[in-house]
Amino acid sequence: MTFNRVLREGSGPGSVAGLDSNRLKSVLIVDDEPGMRRFLQRSLRKYFGLVELVESVEMADSLYQRCHFDLVISDIRLPGKSGVEWLKELREQGSSVDFILITDQADLESAVQALRLGARDLLTTPLTTEQVLGAINRCLEKTRQSPESGSFRNRVEPLSEHAGLIGQSAYFRQTRDIIKRIAPLPSTVLLEGESGTGKELAARAIHDWSRRSGSFVPVNCGGMTAELLESELFGHVKGAFTGATQAREGLFSYASGGTLFLDEIGEMPPSMQAHLLRVLEERRIRAVGANQETSVDVRVVAATNRNLEMEVQRGSFRKDLFFRLNVMSIRMPPLREHLEDVPMLACHFAERLADEMGVPNQILKECDLLTLAEYDWPGNVRELKNVIERCLVLNSSPSDCLRTRFDPAGENVREEETEEEVSLAIIEKRHILRMLRIEGGNKSAAARRLGISRKTLERKVRAWGVG
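All figures in this text were calculated on a predicted structure; none of them were measured in a lab.

Rules and cut-offs
- Residue numbers restart at each chain and count upward from 1, following the sequence in its written direction.
- Note on the predicted model: pLDDT of at least 70 is required for a residue's local features to be given, and 80 or more for side-chain atom pairs to be given and counted; whole-chain, interface and lining totals, by contrast, use all residues.
- Values reported for side chains reflect all heavy atoms of the structure, with hydrogen atoms and water molecules removed beforehand.
- Numbering of helices and strands runs from the N terminus; a helix is a DSSP stretch of H or I covering at least four residues, while a strand is a stretch of E covering at least two.
- Classification of residues uses two cut-offs on accessible area relative to the type maximum, computed with a 1.4 Å probe and protein chains only: under 20% is buried, over 50% is exposed, and between them is partly exposed.
- Only heavy atoms enter the contact rule, under which two residues are in contact if any of them lie within 4.5 Å.
- Using a 1.4 Å probe, the Shrake-Rupley method yields the accessible areas, and only the shown protein chains count as cover for residues.
- Angular values range over 0 to 180 degrees, each being the angle between N-to-C directions of two axes fitted as lines to C-alpha atoms, with helices fitted over their stretch in contact.
- Angle categories are assigned with fixed cut-offs, so that under 35 degrees is roughly parallel, over 145 is roughly antiparallel, 65 to 115 is roughly perpendicular, and the rest are oblique.
- Helix crossings get a hand from a simple test, with the near helix turned counterclockwise from the far one by less than a right angle marking a left-handed crossing and a clockwise turn marking a right-handed one.
- Classification used: nonpolar for Ala, Val, Leu, Ile, Met, Phe, Trp, Tyr, Cys and Pro, charged for Asp, Glu, Lys and Arg, polar for all others including Gly.
- Any two of the Phe, Tyr and Trp rings considered here, Trp counted by its six-membered ring, make a pair once their centres fall within 6.5 Å; the pair's planes then place it as stacked at under 30 degrees, edge-to-face at over 60, or tilted in between.
- In this scheme, strands are said to pair when DSSP sees at least two bridges between them.

**Quick look at the overall build of the protein chain**
Piece 1. Across its full length, the protein chain holds 21 helices and 14 strands.
Piece 2. When the 467 residues of the protein chain are sorted by exposure, 50% land in the buried category.
Piece 3. Residue pairs at least 24 apart in sequence account for 70% of intrachain contacts in the protein chain once pairs closer than 6 positions are excluded.
Piece 4. As presented, the protein chain carries roughly 21800 Å² of accessible surface, and 48% of it is formed by carbon and sulfur atoms.

See the structure below:
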């Protein structure tokens, strides 16, 4: 495509009612002409949180497999594989992403084929900003008329339906589906997983999807004495202990009709474990110093980063309480087990944090996403969020922000990690991903540098969930 096909850009955006709905988050632009890419970026960046630009189908497909896009705008004529060929492949893979194709009269036959494959719209050159935005509006209109179709609304659920649980990997979707299924039930839920995996987020999702009318009340059971925790949970009457100058309701009362989230339940003092067991069995609480009990209607969700079964064997956690809490158990997976969700999470955090802090949103390039995928994220999603925030604050790339976790040679090795702890498989993975990052995601070039076949490289990165 030549840049003289782009004309009349200054005519203004016109009416874009559909785009004001904030339903569109990300667009992938595929065009081999830099001028056209810049034109489309300028036209769309005010309406999309993420506008990603690539020059070939090969680069587009590599990025698409790792990062969600609500819309693809692609030229039909591209070096190598054409836009229509890629659309056909995506449809055969079951993808329903909305496609807008750019063509000229010479490509009319290809354009007709694209429409048969399910392209949403065709733009003929020369282009104006109004034409581009009009085509996107027509996509939205078709969405409203055909809610069952594979459109923006159905391509990925709205954030409110996700309840903040972001991820499209099979493993994470399965976890989210389980949370959705059990949320309306009254059963007690135990969330297990490492620190930073999103256990509190999952607890909030359970509450949001439970349709309970009361509040979501979180409390961290760690770091409190049994006496203080008892007062926090059950409340106390005036004069119950030194300093109790007035009566106070406990968190069970505040959570009445809602959900009480007991974080770090494995650190609860033994004497309090007995009190909690009784409340879970009888649904009645007694404030410290009170003579009478009161009924409570509270759904309890507990979370731990410890292995409670092992704690039971050690005698530090009551077996009967464990069984009472473990009615429904959900394991929140560590980020290293669903690395394919890192790009989507990174884009989500970049957009949200930039808006919260009032700083420009950095566009995460493919090399940035590869850098993030190289790391094993011992701090899980919380650590990823912190890294993205550091990138925005310092206006730096992910590789710079992860520098403290890299050795001076640039290898992805944590400072506290010794040579004996690094397995051959980990070294191989880091080296391959580093070569892939150096080559900007070009698998053929990376394979040549590594001295292996492209097929071998693709098989390895696919197994790691990053390609």
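**Description of the packing of helix α2 (residues 57-64) against helix α3 (residues 83-92)**
Piece 1. Contact geometry for α2 and α3: axes closest at 10 Å, N-to-C directions at 30 degrees. Relative to α3, α2 is oriented roughly parallel. Between α2 and α3 lies a crossing of right-handed hand. Here α2 contributes Val-57, Ala-60, Asp-61 and Tyr-64 to the contact with α3, which in turn contributes Gly-83, Trp-86 and Leu-90.
Piece 2. In the contact of α2 with α3, the residues fall into five nonpolar, one polar and one charged.

**Describing the packing of aromatic side chains**
Piece 1. Inspection of every chain in the model, using the stated rule, returns six aromatic pairs.
Piece 2. Ring geometry for Phe-322 against Phe-323: centres 5.7 Å apart, planes inclined by 50 degrees, an arrangement best described as tilted.
Piece 3. Classification of Phe-322 by relative accessible area gives buried; the value is 6%.
Piece 4. Between Tyr-375 and Trp-377 the ring centres are 4.7 Å apart and the planes differ by 80 degrees, which places this aromatic pair in the edge-to-face class.

**As for the sheet that holds strand β5 (residues 121-124)**
Piece 1. The strand order β2-β1-β3-β4-β5 describes an open sheet built from five strands, whose pairing is parallel. The two strands at the open ends of the sheet, each matched to only one other strand, are β2 (50-54) and β5. Neighbouring strand axes in the sheet, compared pairwise and without regard to direction, differ in orientation by 20 degrees on average.
Piece 2. Bridge count for strand β1 (residues 26-30) against strand β3 (residues 71-75) is four bridges, and the pairing is parallel. Residue Val-27 lies in a different strand from β3, and its bridge partner there is Leu-71.
Piece 3. Sheet strands in contact with helix α1 (residues 34-44) are β1, β2, β3 and β4 (98-103), and its direction is about 175 degrees off that of β2.
Piece 4. Where α3 meets the sheet, it contacts β1, β3 and β4, and its direction lies at approximately 165 degrees from that of β4.

**Observations regarding the sheet that holds strand β14 (residues 328-331)**
Piece 1. Ordered by their spatial adjacency, five strands build an open sheet running β7-β10-β13-β6-β14, and the pairing between neighbours is parallel. Two strands close off the open sheet at either side, each with one partner strand: β7 (216-220) and β14. Strand after strand, the sheet turns through a mean of 20 degrees between neighbouring axes, direction not considered.
Piece 2. Where strand β10 (residues 259-263) and strand β13 (residues 299-304) come together, four bridges link them in parallel fashion. Note that in β13 the partner of Leu-262 across the bridge is Ala-302.

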